[in-house]
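Geometric and topological summary
Listed below are the residues making up each chain.
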Amino acid sequence: MAKNNINNKKNYIYSEIEGLDATLKAYKVIKILVNVEAEKYKFEYLLKHGNNIDKQRAETLKKVISHAIEMAEACREIIYEMECGNVLDAIFICRHELYMEQTPLECSMEYIILEEIEEKINQGK
């Protein structure tokens, strides 16, 4: 069942990036991945450390996390199907954006995620 959800999410992402050039496609997918990973982390933290989270809210948070995990998996599959050089170029653009936002890069969730993607891409070369 989960694999079917991931395929549905992949189809949705492909429809969102249709017609873009290869680097822009990779960029958009990486941005989606970074956002859902950061959200997942935030909601997981809330679930673990949030004071007075009632059962209903906990169930909602679990659903959000589950959706984020599937979305992230769909993005990762698409990224690894893409041309390696375009993905690395897209990571460079994302990094530059983070730098321009003057986020403290060492402790930025987004930066860590970008490094993980780059490392996996480089291992697969």
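Residues numbered from 1 in each chain as written. Predicted model: local features only at pLDDT ≥ 70, side-chain atom pairs only at ≥ 80, totals over all residues. Heavy atoms only, no water.

Side note on the packing of helix α1 (residues 2-17) against helix α2 (residues 22-49)
With their axes 10 Å apart at the nearest point, α1 and α2 run at an angle of 135 degrees to one another. If you check the angle between α1 and α2, you find them oblique. The handedness of the crossing between α1 and α2 is right-handed. Every residue of α2 that contacts α1 at Ile13, Glu16 and Ile17 is listed here: Lys25, Lys28, Val29 and Ile32. (Axes fitted to C-alpha atoms, helices over the stretch in contact; angles between N-to-C directions. Helix = DSSP H or I, 4+ residues; strand = E, 2+ residues; numbered from the N terminus. Parallel < 35°, antiparallel > 145°, perpendicular 65-115°, else oblique. Left-handed = near helix turned anticlockwise from the far one by under 90°. Contact = heavy atoms within 4.5 Å.)

Some points on the nonpolar core
In terms of nonpolar packing, the biggest core is built from 28 residues, with Val29, Ile30, Ile79, Val87 and Ile117 touching the most fellow members. At 7 residues, α2 tops the list of elements feeding residues into this core. Ignoring anything within four residues of it in the chain, the contact list for valine 29 reads Ile13, Ile17, Cys75, Ile78, Ile79 and Met82. (Core = buried A, V, L, I, M, F, W, Y, C linked by side-chain atoms within 4.5 Å. Buried < 20%, exposed > 50% of the residue type's maximum accessible area, 1.4 Å probe, protein only.)

Quick notes on α1
A rise of 1.5 Å per residue sets the reference length of α1, with its 16 residues, at 22 Å; its end C-alpha atoms lie 23 Å apart and thus fit the reference within 8%. Those residues of α1 that fall on the buried side of the exposure criterion are Ile6, Lys9, Lys10, Ile13 and Ile17. Angular distribution of buried residues about the axis of α1 spans 105 degrees; they occupy a single face of the element. At its buried positions, α1 is contacted by α2 and α3 (55-81). (Expected span 1.5 Å × (residues − 1). Arc of directions from axis to C-beta.)

Description of the pattern of salt bridges
Under the criterion given, the structure shown has 10 salt bridges. With a shortest N-O distance of 3.0 Å, glutamate 39 and lysine 42 are connected by a salt bridge. Of this pair, glutamate 39 and lysine 42 both sit in helix α2, separated by 3 residues, roughly a single helical turn. Residue class for lysine 42 comes out partly exposed when judged on its relative accessible area of 44%. (Salt bridge = Lys/Arg side-chain N within 4 Å of Asp/Glu carboxyl O.)

Describing the packing of aromatic side chains
Following the criterion strictly, the structure yields 0 aromatic pairs and no others. Above the ring of phenylalanine 43, the side-chain terminus of lysine 42 is found at 5.8 Å from the ring centroid. (Phe/Tyr/Trp six-rings, centres within 6.5 Å; stacked < 30°, edge-to-face > 60°. Lys NZ or Arg CZ within 6 Å of the ring centre and 35° of its normal.)

Side note on the side chain of arginine 95
Within the element layout of this structure, arginine 95 appears in helix α4 (residues 84-100). Overall, the relative accessible area of 18% leaves arginine 95 in the buried class. Within the local environment of arginine 95, its side chain forms a polar contact with the side chain of tyrosine 111, the two groups lying 3.5 Å apart. Dropping the residues within four chain positions of it, arginine 95 is found in contact with Tyr111, Leu114, Glu115 and Glu118. (Polar contact = N/O pair within 3.5 Å; in protein donor to acceptor, adjacent residues only side chain to side chain.)

A word on the confidence of the model for the protein
On average, residues of the protein score 90 in pLDDT, and 94% of them reach the 70 mark or higher. Of all helices and strands in the protein, the one with the weakest mean pLDDT is helix α5 (residues 109-124) (88), whereas α1 scores best (94). (pLDDT = per-residue confidence, 0-100.)

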